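A structural walkthrough
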Number of protein chains: 2
Amino acid sequence: MPHIDFPPELPGIRGPMAFRPDTARPLNELVDILLRGPNTLSPGERELIATYVSSRNDCRYCQTIHGAVAAHHLHGDEALVVCVKDDFERAAVSDKLKALLAIAGNTAQGGRYVTAADIALARQHGASDLEIHDTILIAAVFCMCNRYVDGLATWAPDDPEFYRRRAALIAEHGYSALTIQGAAR
Amino acid sequence: MPHIDFPPELPGIRGPMAFRPDTARPLNELVDILLRGPNTLSPGERELIATYVSSRNDCRYCQTIHGAVAAHHLHGDEALVVCVKDDFERAAVSDKLKALLAIAGNTAQGGRYVTAADIALARQHGASDLEIHDTILIAAVFCMCNRYVDGLATWAPDDPEFYRRRAALIAEHGYSALTIQGAAR
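Residues numbered from 1 in each chain as written. Chains lettered and ligands numbered in written order. Predicted model: local features only at pLDDT ≥ 70, side-chain atom pairs only at ≥ 80, totals over all residues. Heavy atoms only, no water.

Turning our eyes to something else, we now look at the side chain of serine 54 of chain A. Residues and elements named next belong to chain A. Along the chain, serine 54 turns up in helix H3 (residues 43–56). For serine 54, a relative accessible area of 0% corresponds to the buried category. Contacts of serine 54, omitting those with residues within four sequence positions, involve Cys59, Cys62, Gln63, Phe142 and Asn146. (Helix = DSSP H or I, 4+ residues; strand = E, 2+ residues; numbered from the N terminus. Buried < 20%, exposed > 50% of the residue type's maximum accessible area, 1.4 Å probe, protein only. Contact = heavy atoms within 4.5 Å.)

In structure tokens:
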């Protein structure tokens, strides 16, 4: 049961966002820029980073909804999302993304766990400064979102179809737009 | 040495914020609303929560600058800030703030570490839903900022006077305004 009486029909981060729209607005803007803005990393790759970090932080709502958005962007390939969460080194993604996922996982443990060797490996596989920056900030942002969602003990639907439907809406409209409509992700 | 070549004169979060102003803007808006917006928790109390979380996450830049801003709001009482970081149960702060600091520390460990008993204790000492919400979100936001700052291996000045001067500017102008001037906190 959530620690605060949020509207019961809103799972995950949507309850606290409806409760406090003033903070939801910049939070969604930040997520939209990072996950959906112009970038040399594809939306699918960036959602995979968000999903992986949320999985490392054991946040069921975030890893499931962002996993569904990632799969939506990646031609519905839900098996790839599962593989990235389980063991990304074995996943069918680029060496660059593997190096960035390693950086993201270390960021989730704590900023000081990101080593110069992690960064050098990402650069060796072609990662730019901006891609490295955004990977670390995406990981940091999801360390925030995961704690926001679970620190308030919000609930998460069980039905995978719920997340697939919601992911299609997010992919079409974005996080801010859906929140402004009173239906944050 | 920072993992990316930021402007060398900008320590801590100011380097990455100058590098990526698009994400700095909503990030600073979020921090301004949470730490400086209208609230039943004073700016000093909210900065203490930010400082405590940054201390738990061992982020030198964030705990020092926000500790300096907290002290600025609290009549220059730097000893109180040190005491809150060391052992807040012994600090001269309200029982409500102690209960909120406990929630913030647990949020830093991970969202699932916040228990119903933590929330009940805060309510018993008079904390409102909004104060509980904001405490958890402030803690979550600083788990983000700390990872952003340390994940990129930014540098932190040693001179306490640097932080005192900067804190006075932040207290007067806020985080967003200073960033827009090209001199984020």
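Take the interface of chain A and chain B next. The extent of an interface is frequently quoted as the accessible surface area lost upon association of the parts. Across the boundary between the two partners, chain A contributes 45 residues, which contact 45 residues of chain B. Both sides together, the interface formed by chain A and chain B hides about 3,700 Å², and carbon and sulfur atoms give 66% of it. The largest contributions to the chain A side of the interface with chain B come from His3, His133 and Arg147 of chain A, which together make up 19% of the buried area. Linking chain A to chain B there are 8 salt bridges. Note that aspartate 150 of chain A is salt-bridged to arginine 112 of chain B, the shortest N-O span being 4.0 Å. Of all elements in the fold, only helix H1 (14–19), helix H2 (21–36), helix H6 (95–109), helix H7 (116–124) and helix H8 (129–151) of chain A reach the threshold of two or more residues within the side of chain A that touches chain B. The leading source of residues in the side of chain A that touches chain B is H8 of chain A, at 15 residues. Its residues assigned to classes, the side of chain A that touches chain B comprises 23 nonpolar, 10 polar and 12 charged. (Buried area = accessible area lost by both parts, 1.4 Å probe. Salt bridge = Lys/Arg side-chain N within 4 Å of Asp/Glu carboxyl O. Nonpolar A, V, L, I, M, F, W, Y, C, P; charged D, E, K, R; others polar.)

Moving on, we come to the nonpolar core. As a rule of thumb, soluble globular proteins bury nonpolar side chains together. With 126 residues, the main nonpolar core has Val141 and Met144 of chain A together with Val141 of chain B as its most contacted residues. For valine 141 of chain A, the residues in contact, after removing those within four places along its chain, are Leu30, Val31 and Leu34 of chain A together with Met144 of chain B. (Core = buried A, V, L, I, M, F, W, Y, C linked by side-chain atoms within 4.5 Å.)

Looking now at helix H4 (residues 60–73) of chain A. Residue and element names in this part refer to chain A. Over its 14 residues, H4 extends 20 Å from the first C-alpha to the last, a length consistent with the 20 Å expected when each residue adds 1.5 Å. Most of H4 sits inside the fold, with 10 of its 14 residues counted as buried. Of all the positions in H4, only Tyr61, Cys62, Gln63, Ile65, His66, Gly67, Ala68, Val69, Ala70 and Ala71 are classed as buried. Where H4 ends, the next residue or the one after it, histidine 75, has phi of about 55°, a positive value. (Expected span 1.5 Å × (residues − 1).)

Turning to the packing of aromatic side chains, a few remarks are in order. Residue and element names in this part refer to chain A. For the structure on display, the rule yields 8 aromatic pairs over all chains. On the numbers, 6.0 Å between centres and 55° between planes, the contact of tyrosine 61 with tyrosine 163 is tilted. Within this pair, whereas tyrosine 61 is found in helix H4, its partner tyrosine 163 is found in helix H9 (residues 160–173), the two being separated by 102 residues in sequence. Of the two residues examined, tyrosine 61 and tyrosine 163, each falls in the buried class. Taken together, the ring pairs in this structure connect Tyr61, Phe162 and Tyr163 into an aromatic cluster. (Phe/Tyr/Trp six-rings, centres within 6.5 Å; stacked < 30°, edge-to-face > 60°.)

Residue and element names in this part refer to chain B. Relative to the assigned elements, alanine 167 resides in helix H9 (residues 160–173). Residue classification places alanine 167 among the buried residues on the basis of a relative accessible area of 1%. Distance in space between the C-alpha atoms of alanine 167 and histidine 73 is 9.2 Å, their sequence separation being 94 residues.

This brings us to the relation of the copies chain A and chain B. Superposing chain A onto chain B takes a rotation of 180° plus a shift of 0.0 Å along the axis, which leaves an RMSD of 0.0 Å. What we have between these two chains is a two-fold relation. (Least-squares fit on C-alpha atoms with pLDDT ≥ 70 in both.)

This brings us to H9 of chain B. Three- or four-residue spacings in an α-helix give side chains the same orientation, since the helix completes a turn every 3.6 residues. Residues and elements named next belong to chain B. Look at H9: 20 Å from first C-alpha to last across 14 residues, which is about the 20 Å you get at 1.5 Å a residue. The complete set of buried residues in H9 reads Phe162, Tyr163, Arg166, Ala167, Ile170 and Ala171. One side of H9 carries all its buried residues, which in axial view fall inside an arc of 155°. The backbone nitrogen of glutamate 161 has a side-chain oxygen 2.9 Å away, supplied by the residue at the start of H9, namely aspartate 159. (Arc of directions from axis to C-beta. Polar contact = N/O pair within 3.5 Å; in protein donor to acceptor, adjacent residues only side chain to side chain.)

Residue and element names in this part refer to chain A. Between H2 and H8, the least distance of the axes is 10 Å, while the angle of their chain directions is 145°. Crossing of H2 over H8 shows left-handed handedness. Of the residues in H8, those touching H2 at Thr23, Leu27, Leu30, Val31, Leu34 and Leu35 are Asp134, Leu137, Ile138, Val141, Phe142, Met144, Cys145 and Tyr148. Its residues assigned to classes, the contact of H2 with H8 shows 12 nonpolar, 1 polar and 1 charged. (Axes fitted to C-alpha atoms, helices over the stretch in contact; angles between N-to-C directions. Left-handed = near helix turned anticlockwise from the far one by under 90°.)

Before going further, it helps to examine the pattern of salt bridges. Under the criterion given, the structure shown has 24 salt bridges over all chains. Where glutamate 29 of chain A meets arginine 25 of chain A, a salt bridge forms, and the shortest distance between an N and an O atom there is 3.3 Å. Here arginine 25 of chain A and glutamate 29 of chain A lie together in helix H2, a separation of 4 residues that amounts to about one turn. Taking the relative accessible area as the measure of exposure, arginine 25 of chain A reaches 41% and is therefore partly exposed. Its salt-bridge partner being arginine 164 of chain B, residue glutamate 161 of chain B comes within 2.8 Å of it at the nearest N-O pair. In this pair, glutamate 161 of chain B and arginine 164 of chain B are both assigned in helix H9, 3 residues apart and thus about one turn of the helix distant. Using a relative accessible area of 33% as the deciding quantity, one classes glutamate 161 of chain B as partly exposed. On the basis of relative accessible area, arginine 164 of chain B is assigned to the partly exposed category, the value being 36%. Because the salt bridges share partners, they merge into one network encompassing Arg25 and Glu29 of chain A together with Arg25 and Glu29 of chain B.

Without other data, these values stay purely geometric and don't point to any function.
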